[in-house]
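Structural overview
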Amino acid sequence: MGKSYDRIDGRLRTFIEAQPIFFTATAPLAGDGHVNLSPKGRAGTLAVLDELTLAYLDFGGSHAETIAHLRENGRITLMWCAFTGPPTVVRVHGRGEPVFRDDPRFAELLTRFAPGADGPGLRAIVLVRAERISDSCGFAVPFLEYREERPLHADYFGRKSEQEFADYCAAKEYVGVSVDGLPGLPLPLPPRP
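Presented here is a report on the structure given in the accompanying data block. This is a predicted model, so every value here is computed, not measured.

Evaluation of the coordinates by the stated rule reveals 7 aromatic pairs. Relative to Tyr168, the ring of Phe157 lies with its centre 5.2 Å away and its plane at 80 degrees, an arrangement referred to as edge-to-face. Taken as a pair, Phe157 in helix α4 (residues 152-158) and Tyr168 in helix α5 (residues 162-171) lie far apart in primary sequence, 11 residues in all. Residue Phe157 is classed as buried on the basis of its relative accessible area of 4%. The buried category is assigned to Tyr168, whose relative accessible area is 18%. Every member of this aromatic cluster is reached through a ring pair, and the members are Tyr156, Phe157, Phe165 and Tyr168. Looking at Arg42, its charged tip hangs above the ring of Phe59, at a distance of 3.9 Å from the centre.

So, in structure tokens, the structure goes:
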């Protein structure tokens, strides 16, 4: 059954890096605030930086709830499910922070991802420092077959110039401010380094 770990060791890292999708969960401090749960995909956009630190690329296209919650309180959980092979669920509970495009760390962090992963529509990098790492049985997780990446997101934002993407972010509801009124993505969107 479930087990906790002190670090993301070789076996856990291999499992995490092999999954084509993971999920993020965050929430505001307010008891009546909206809990956010988001799927994350796009190959190469997650990096295990060390045994306690992960990062993923945050792209435009929907709200900025995760960013808003991290700016307010830093709490985040990442989860991976095995849809093939042995039934496993891995969770990393931790503290996260968004690293925006004008942050001096942004350019160096980009080098930690797969070549070409920092495609169009990139808003920020989310850093996560693990506080609790655990796995559990995935007995109820169905077998699913991975076919391929969907190119729609990269294609859509690939047709936009940097200015058009900045305008898109500025005009999108719940990007600069979350659904609960928390500060989200800094606008105007800083240029890429």
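We are not done yet, so read on.
Another point: unusual backbone geometry. The amide bond that connects Leu187 to the next residue, Pro188, takes the cis arrangement and shows omega of 0 degrees. Backbone geometry places Arg42, a non-glycine residue, at a positive phi of 60 degrees. Mapped onto the fold, Arg42 is located in the loop between β3 (36-40) and β4 (46-50). The phi torsion at Tyr174 lies on the positive side, around 65 degrees, for a residue other than glycine.

Note that strand β1 (residues 3-5) and strand β8 (residues 122-137) share 3 bridges and pair antiparallel. In the sheet register, Lys3 faces β8, and the bridge partner there is Asp135. The sheet contact formed by strand β5 (residues 53-59) and β8 spans 7 bridges and is antiparallel. Residue pairing in the sheet places Asp58 in a bridge with Ala124 of β8. When strand β7 (residues 88-100) meets β8, the two strands line up antiparallel, connected through 13 bridges. Looking at the pairing, Gly96 lines up with Val128 of β8.

Definitions and cut-offs
- Residues numbered from 1 in each chain as written.
- Predicted model: local features only at pLDDT ≥ 70, side-chain atom pairs only at ≥ 80, totals over all residues.
- Heavy atoms only, no water.
- Phe/Tyr/Trp six-rings, centres within 6.5 Å; stacked < 30°, edge-to-face > 60°.
- Helix = DSSP H or I, 4+ residues; strand = E, 2+ residues; numbered from the N terminus.
- Buried < 20%, exposed > 50% of the residue type's maximum accessible area, 1.4 Å probe, protein only.
- Lys NZ or Arg CZ within 6 Å of the ring centre and 35° of its normal.
- Pairing = 2+ DSSP bridges.

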